[in-house]
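Chains, contacts and geometry: an overview
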Amino acid sequence: MTVNWAAFTTAEPDLAKTVEERFGAFTHHVLATLRRDGSPRTTGLEVRFVDGELWLGMMPDSLKALDLRRDPRFALQANPGEGTGMGGGDVRISGRAIEVEDTAAKAAYVKEVEPPEPFHLFRTELTEVVRTSVEDDTYLVVQVWKPGAPVRTLRRT
């Protein structure tokens, strides 16, 4: 089961707000895709939350775009920031990236974001959102959300 960003935001508004804030704190994040041989590829990426979708834009024929065309599974990790502080926690999103071919949808994205053209545009379908943080300098707190289920919170000392 997968859902888009708007459905996640409706299901878990507090976690969604935290995740957006973490991604909004820095411009560049880390995208993991699968190479042709099945091994992982990690690359830098800018992401956008626009009109209820989490969008991934990429340069034409970039290796990450070609990876996603072949196998749409991805993992995306928010830039943790400078030093050892993790204000807001560590945030990861997993799912499938679906390339957008519709010219009207791409035009709306261009109007909002003004990316360099040409480019590949992918909308995301989420399969998991995870936030890891430290609480009271005592607990490691892991929040895990999957479509169709409430957030599950684990605390470890």
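Residues numbered from 1 in each chain as written. Predicted model: local features only at pLDDT ≥ 70, side-chain atom pairs only at ≥ 80, totals over all residues. Heavy atoms only, no water.

Some details on the nonpolar core
Put simply, the rule reads: For our purposes a nonpolar core is just a set of buried Ala, Val, Leu, Ile, Met, Phe, Trp, Tyr and Cys residues, chained together by side-chain atoms within 4.5 Å. Burial here depends on accessible area, computed with a 1.4 Å probe over protein chains only, as a share of the maximum for the residue type. Under 20% is buried, over 50% is exposed, and the range in between is partly exposed. For helices the rule is a DSSP run of H or I covering at least 4 residues; for strands it is a run of E covering at least 2, with both sets numbered from the N terminus onward. Residue contacts are counted whenever heavy atoms from the two residues lie within 4.5 Å of one another.
Formed by 25 residues in total, the largest nonpolar core has its most connected members in Leu-56, Leu-76 and Ile-93. Counting only elements with at least two residues in this core, the list comes to α1 (5-11), α2 (13-24), β4 (53-58), α3 (63-70), β5 (73-77), β6 (90-99) and β7 (120-135). Top contributing element to this core by residue count: α2, with four residues. If we skip the residues at most four places from it in the chain, Leu-76 touches Phe-23, His-29, Val-30, Leu-31, Leu-45, Val-47, Leu-54, Leu-56, Val-91, Arg-92 and Ile-93.

Looking at the side chain of Glu-125
Put simply, the rule reads: Two N or O atoms form a polar contact when they lie within 3.5 Å of each other; inside protein one atom must be a possible hydrogen donor and the other a possible acceptor, and for residues adjacent in sequence the pair counts only when both atoms belong to side chains.
Turning to its location among the elements, Glu-125 is positioned in strand β7. At 3.4 Å, the side chain of Glu-125 forms a polar contact with the side chain of Thr-2. What Glu-125 contacts, discounting residues up to four positions off in sequence, is Thr-2, Val-3, Phe-74, Ser-94, Gly-95, Arg-96 and Ile-98.

Some remarks on the packing of aromatic side chains
Condition: Side-chain rings of Phe, Tyr and Trp (the six-membered ring for Trp) are treated as a pair once their centres are within 6.5 Å; stacked means planes under 30 degrees apart, edge-to-face means over 60, and tilted covers the remaining angles.
Evaluation of the coordinates by the stated rule reveals six aromatic pairs. Each member of the aromatic cluster is reached from another via a ring pair, and the members are Trp-5, Phe-8, Phe-23, Phe-49 and Trp-145.

Some remarks on the pairing of strand β2 (residues 40-45)
Rules: Strands qualify as paired when DSSP identifies two bridges or more between them.
The pairing of strand β1 (residues 29-34) with β2 spans six bridges and is classified as antiparallel. Bridge pairing in β2 places Leu-31 opposite Thr-43. With antiparallel pairing between neighbouring strands as the criterion, β1 and β2 make up a hairpin whose turn holds five residues, including Gly-38 at a positive phi of roughly 90°.

Section: the pattern of salt bridges
Heads up, the rule is: In what follows, salt bridge is the name for a side-chain nitrogen of Lys or Arg lying within 4 Å of a carboxyl oxygen of Asp or Glu.
This structure, assessed with the given rule, holds 11 salt bridges. A salt bridge links Arg-73 to Asp-71; the shortest N-O distance between them is 2.7 Å. By relative accessible area, which is 18% here, Asp-71 ends up buried. A salt bridge links Glu-125 to Arg-123, with the nearest nitrogen and oxygen atoms 3.4 Å apart. Three or more residues are tied together by salt bridges with common partners; here these are Arg-41, Asp-67 and Arg-70.

Considerations on unusual backbone geometry
Here the bond from Glu-117 into Pro-118 is cis, since omega is 0°, no more than 30 degrees from zero. Looking at where Pro-118 falls in the secondary structure, it is placed in the loop between α4 (103-113) and β7. Phi at Asp-51 is positive, roughly 55°, even though this residue is not glycine. One can find Asp-51 in the loop between β3 (47-50) and β4. Positive phi is not limited to glycine here, since Glu-114 has a value of about 55°. Position of Glu-114 among the secondary structure elements: in the loop between α4 and β7.

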